[in-house]
Structures are given as C-alpha cells and as structure tokens.
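Below are the chains, spelled out letter by letter.
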Amino acid sequence: MRFGLLPTCDARWPRLAGHHAAWRVAISNGLRHPVYWISARHGDQVAGVLPLMLVKGPIFGSFLVSLPYINTGGVWATDADVATRLIDRACQLADELDVKYLELRQEQPVEHPRLNFQRTDKVHMRLPLPTTDELLDKSFKSKLRSQVRKAGQFDHRIAWGGSELLDDFYHVFAVNMRDLGTPVFSKRLFAEILDAFAGDAELCVVYQAEQEKLFPVAGAVLVHADGVTEVPSASCLRVANPTGANMWMYRHLLRRAIERGSRTFDFGRSSIDSGTYKFKAQWGAQPHPAVWQYYVRKGDVDAMRPDSQTNQRRIKIWQKLPVWLTRSIGPAIVRGIP
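Worth saying up front: this structure is predicted, and the values here are computed from it rather than measured.

Take the overall build of the protein chain next. Along the backbone of the protein chain there are ten helices and 14 strands. The C-alpha radius of gyration of the protein chain comes to 20 Å, within 12% of the 20 Å expected for a compact globule of 338 residues. Within the protein chain, the proportion of its 338 residues that are buried is 53%. Here the analysis covers contacts within the protein chain between residues at least 6 apart in sequence; of these, 72% occur between residues at least 24 apart.

Dropping the structure here:
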C-alpha cells in the first residue's frame, strides 16, 4: 500500500516531509511512539494539520514532537488563524500529557504567544537536480569530479535493495553511531521505513572487496517521494575514509535520485560552516531555513543538545563501549530522545 500526502490546498505554511502518512506510520511503528493527529477543516476541505508524537523514555522524560527522527513536520495551514488554532490544541495537549516541551520542526516561523523558544542554528541542505546525470556531472567543479574519480579507483561495489541489505546497512550504521558517540536507532525503524514507503524507499550499501570477500563499508537509506529524494540516515566506516567510499556513495545516490525522477536531493540538516555543511555544499547544495519552535513547559531545550557539557561526557563514554553493547542498549535510549 502506498501512502500519500493530504489533499492539496493553497497553504501559507506548506506541506513538509513529516506530513507524509508513510513517515507517521514508519516512525510510530519503528520507535513505538503514539501519534496525535490535529486537523482543521473549512467545511469539507482540510485547512490545516499538525502531526505529533509523544516521545517518552526513562532517562530524559517526555516530549511532544512534530516529528522525531526526520527534520521536518510542524504546521501545515492555509492561513494564520488556522495555524494558531492548531498550535493552541498542541499546547493544550502538551499540558495534558505533562511533557517538558512541544517541539515543532518547521521551515517557516508561526507567530504564537505560547511558543517561547526558537532554534535557527541549522539549515536544510538541498540540491536542485537536472534532468540527466550528465548535466549534473557538468555542474560539479573539477576538484569534486577528481575526488569522485579517485574514489572509483578502489574496488568498491554498490548494491541497491530492501530488507535483504538491512543487516549489512545496519552493521555500518551501528559502528558509525558508536564512533560518533550516539545511541543507535533500532533495526526495526529502518525495516518499518522500507515497509511504509514500499517501493519508494530503498537501501544503498557500498562494499569493499578484500581477498575475494565483500565487506560493507558505507550505507544509506533513500526515500523518493513527491519529487524529492531524501537521505534520512547515511554512514561510512572510518576505516574506509581513505578510499573515498562516502564520496563514491553520494555520487551514486545523486544519480539514483535522477533515475527515480526526483527534482530535488535533500541532504538533511547541518550547522552552517560545519564539516557536514561543507561536504554537502561541494555538491552544489544550497541552505534553506530550518525553524524549530518550542513551547517550553519545564527544563531547558539546550540540555538535549549534543554539545552540552553533560552530553559531551556521555558521548565520550559511549565511544568507548563495544559495538555489540551499543546495539543492545542504544535503541531503548535513543527512542526517548526528541
């Protein structure tokens, strides 16, 4: 079954990836979070929606998020009055559920008296795609093309598929998350993404050939929907960095997006001038606003940031743990992080 977006309306706050029904199904099933669907109507017409999930865990408390894991969600509304009423109900629900805060992952701000905190320190990096891979290649600077050619000199093999590649993808993903000091999502989440989007989601795995054996060294999840290809998760083993495996993979991801008829490639969010920002910008990706707005009821939003002093200590400890242990306990922890 293929899930689609809601009926089209002339929205002041446009639809985002988080409004796609398949994302709500995949994240809810994958992280085992309840979904709250707030909607507004003008007669028989849908005038606005706000999808929410209750993110709750034993370590950090509870949060109401639109939406966890992916970068966008928040309000979709035809006008300011509808947007206000949607957020009114969301704040009321946050009070009823006694969460620490309501988090709306938007791209345009919404004026509302109860939204008392805002983050704009990251941007979405997106690349408009031409109609052919040849045109895309011509758009790259000579240095980038040289790096891709150099990576191609190594004996990389690439595979596209679904659940049959999940174990190899997850191996790379789990090792990389441990190296970054971040608890790993469950394998179930990625299985649910593949299932919810059916043929519109796939895995890419890059293998390195050694002594007649293939070892997975990089991998990514791709979702092709509504003219956009996004990569919600991608990883490369550090030992494979000298071979340019990550560069080689992203060149193939971009080619795949064009083959699937996408008009935009969404690299995800990055802090301006960070390493990941520069990596994405070299492909031609341009920054687009990411406006995360909050109704904070208690605590400090910044306490959940990776660069907080407490979390920096946790990251250093996590990086020293064996991968088998992080795969065992990580999913239970990360599902409680907004």
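We now examine helix H5 (residues 166–180). With 15 residues, H5 ought to run about 21 Å at 1.5 Å a step, and its terminal C-alpha atoms sit 21 Å apart, in line with that. For H5, the tally of buried residues reaches eleven of 15 residues, placing the bulk of the element in the interior. All of the buried residues along H5 are Leu 166, Phe 169, Tyr 170, Val 172, Phe 173, Ala 174, Val 175, Asn 176, Met 177, Arg 178 and Asp 179. Buried residues belonging to H5 abut helix H6 (187–197), strand E9 (201–210), strand E10 (213–225), strand E11 (228–236), helix H9 (309–318) and helix H10 (323–334).

Under the criterion given, the structure shown has one cavity of 30 Å³ or more. Taken as a whole, the largest cavity spans an internal volume of roughly 40 Å³. As for the largest cavity, its lining consists of Arg 119, Thr 120, Asp 121, Lys 122, Arg 269, Ala 290 and Trp 292. Among the residues forming the lining of the largest cavity, the class breakdown is two nonpolar, one polar and four charged.

Residue-level pLDDT values for the protein chain average 92, and 97% of them are 70 or greater. Contacts from residues 1–9, a stretch scored under 50 in pLDDT, to residues over four places away or in other chains number 25 contacts.

Turning our attention to the sheet that holds strand E13 (residues 286–289). Within the open sheet, the seven strands sit side by side as E8-E9-E10-E11-E12-E7-E13. Their pairing is mixed. In this open sheet, the two strands that pair with only one neighbour each are strand E8 (156–161) and E13. Averaged over all pairs of adjacent strands, the angle between their axes in this sheet comes to 30°, without regard to strand direction. Judged from the three bridges that link them, E11 and strand E12 (residues 264–271) form a sheet pairing that is parallel. Within the sheet, the bridge partner assigned to Glu 230 lies in E12 and is Asp 266.

Each neighbour pair has its own omega, and for Ser 66 with Leu 67 the value is -10°, a cis peptide bond. Tracing the sequence through the fold places Leu 67 in the loop between strand E3 (61–66) and strand E4 (76–77). Even without glycine at this site, Asp 226 takes up a positive phi of about 55°. Its relative accessible area of 48% is what places Asp 226 among the partly exposed residues.

Let us now look at the packing of H5 against H6. Direction vectors running N to C along H5 and H6 enclose 135°, while the axes themselves pass 10 Å from each other. For the element pair H5 / H6, the angle class is oblique. Seen along the crossing, H5 lies across H6 with a hand that is right-handed. Across from Leu 166, Asp 167, Phe 169, Tyr 170 and Phe 173 in H5, the residues of H6 making contact are Lys 187, Phe 190 and Ala 191. Residues that form the contact of H5 with H6 fall into these classes: six nonpolar, no polar and two charged.

Inspection of every chain in the model, using the stated rule, returns 20 salt bridges. Ionic pairing is found between Glu 202 and Arg 260, a salt bridge with its closest N-O pair at 3.8 Å. Of the two residues, Glu 202 sits in strand E9 while Arg 260 sits in the loop between helix H7 (245–259) and E12, which places them 58 residues apart along the sequence. Here Glu 202 falls in the buried class, since its relative accessible area comes to 6%. Several salt bridges share partner residues, and in doing so they unite Asp 95, Asp 98, Arg 114, Arg 297 and Lys 298 into one network.

Spacing of three or four residues puts side chains on the same side of an α-helix, whose turn is 3.6 residues. Three or more residues of H6 are buried, namely Leu 189, Phe 190, Glu 192, Ile 193, Leu 194, Ala 196 and Phe 197. Along its buried surface, H6 packs onto helix H1 (21–31), H5, E9, E10 and E11. Backbone geometry just after H6 places Ala 198 at a positive phi near 50°.

This model, assessed by the stated rule, comprises 17 aromatic pairs. With centroids separated by 5.6 Å and ring planes inclined at 20°, the aromatic side chains of Phe 169 and Phe 173 adopt a geometry described as stacked. Highlighted residues: Phe 169 and Phe 173, both in helix H5, separated by four residues, approximately one helical turn. Grouping residues by exposure puts Phe 169 and Phe 173 together as buried. Taken together, the ring pairs connect Trp 23, Tyr 69, Phe 169, Tyr 170, Phe 173, Phe 185, Phe 190 and Phe 197 into an aromatic cluster. For Arg 24, the ring lying beneath its charged end belongs to Trp 37, and the centroid distance is 3.9 Å.

Summarising the element assignment, Leu 104 is placed in strand E5 (residues 101–106). When its relative accessible area of 0% is taken as the criterion, Leu 104 is described as buried. It is 7.4 Å that separates the C-alpha atoms of Leu 104 and Leu 67, two residues lying 37 residues apart in sequence. With near-sequence residues (within four places) excluded, Leu 104 lies in contact with Leu 50, Leu 52, Ser 66, Gly 74, Ile 87, Leu 115, Val 291, Trp 292 and Gln 293.

Rules used throughout
Residues numbered from 1 in each chain as written. Predicted model: local features only at pLDDT ≥ 70, side-chain atom pairs only at ≥ 80, totals over all residues. Heavy atoms only, no water. Helix = DSSP H or I, 4+ residues; strand = E, 2+ residues; numbered from the N terminus. Rg over C-alpha atoms; globule rule 2.2 N^0.38 Å. Buried < 20%, exposed > 50% of the residue type's maximum accessible area, 1.4 Å probe, protein only. Contact = heavy atoms within 4.5 Å. Expected span 1.5 Å × (residues − 1). 1 Å grid on protein atoms, 1.4 Å probe; cavity = no way out; pocket = protein on both sides within 12 Å on 5 of 7 lines; lining within 4 Å. Points joined across faces, edges and corners; volume = space filled by probe spheres on them. Nonpolar A, V, L, I, M, F, W, Y, C, P; charged D, E, K, R; others polar. pLDDT = per-residue confidence, 0-100. Pairing = 2+ DSSP bridges. Axes fitted to C-alpha atoms, helices over the stretch in contact; angles between N-to-C directions. Parallel < 35°, antiparallel > 145°, perpendicular 65-115°, else oblique. Left-handed = near helix turned anticlockwise from the far one by under 90°. Salt bridge = Lys/Arg side-chain N within 4 Å of Asp/Glu carboxyl O. Phe/Tyr/Trp six-rings, centres within 6.5 Å; stacked < 30°, edge-to-face > 60°. Lys NZ or Arg CZ within 6 Å of the ring centre and 35° of its normal.

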